[in-house]
Amino acid sequence: MSDTIHIQIDRADGSLQRLIGLVERRGFHIDGINMADEGSFRKIALTVRGRDAGRCMDNLGRQIDRLFGVRRIGNDIIQSEAA
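None of the values given here were measured: they were computed from a predicted structure.

### A short note on a positive patch on the surface
Stage number 1. Positive charge collects at one region of the surface, where Arg25, Arg26, Arg62 and Arg66 lie side by side.
Stage number 2. In this fold, Arg25 is placed in helix H1 (residues 15-25).

See below:
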């Protein structure tokens, strides 16, 4: 099962790299990313799934919320074909 996290992120140097690094370090695979520029920020739809059943999306969301220049808009649970 995958989750899609909707994020608004500043267009600061390294902001996307920090976001992707955090997701991977927290034990999640990135299955897809969709970005759109909105002036001074980007809107990102990040589709992720845990490496194992012990990974908690709520914990990942709280960690994303703490990143500088990032605002999580919400997350949706989706069923992937690989699940």
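Anyway, onward from the coordinates.
### Considering the pattern of salt bridges
When charged atoms on two side chains of opposite charge get close, those side chains can pair.
Stage number 1. The full count for this structure, using the stated rule, is four salt bridges.
Stage number 2. We note a salt bridge from Arg55 to Asp52, for which the minimum N-O separation is 3.5 Å.
Stage number 3. Residue classification places Asp52 among the partly exposed positions, given a relative accessible area of 41%.
Stage number 4. Residues joined by salt bridges that share partners form a network here, namely Arg11, Asp37 and Arg42.

### Here's the deal with the environment of Ser15
Stage number 1. The topology assignment puts Ser15 in helix H1.
Stage number 2. It is 8.0 Å that separates the C-alpha atoms of Ser15 and Phe68, two residues lying 53 residues apart in sequence.
Stage number 3. Those residues in contact with Ser15, other than ones at most four positions away along the chain, are Ile9 and Asp10.

Rules of the game
Residues numbered from 1 in each chain as written. Predicted model: local features only at pLDDT ≥ 70, side-chain atom pairs only at ≥ 80, totals over all residues. Heavy atoms only, no water. Patch = residues over 30% accessible without salt bridge, like charges linked within 9 Å, V, L, I, M, F, W, Y side chains within 5 Å. Areas by Shrake-Rupley, 256 points an atom, 1.4 Å probe, with all protein chains shown as cover. Salt bridge = Lys/Arg side-chain N within 4 Å of Asp/Glu carboxyl O. Lys, Arg positive; Asp, Glu negative; His and termini not counted. Charge placed at Lys NZ, Arg CZ, Asp CG, Glu CD. Helix = DSSP H or I, 4+ residues; strand = E, 2+ residues; numbered from the N terminus. Buried < 20%, exposed > 50% of the residue type's maximum accessible area, 1.4 Å probe, protein only. Contact = heavy atoms within 4.5 Å.

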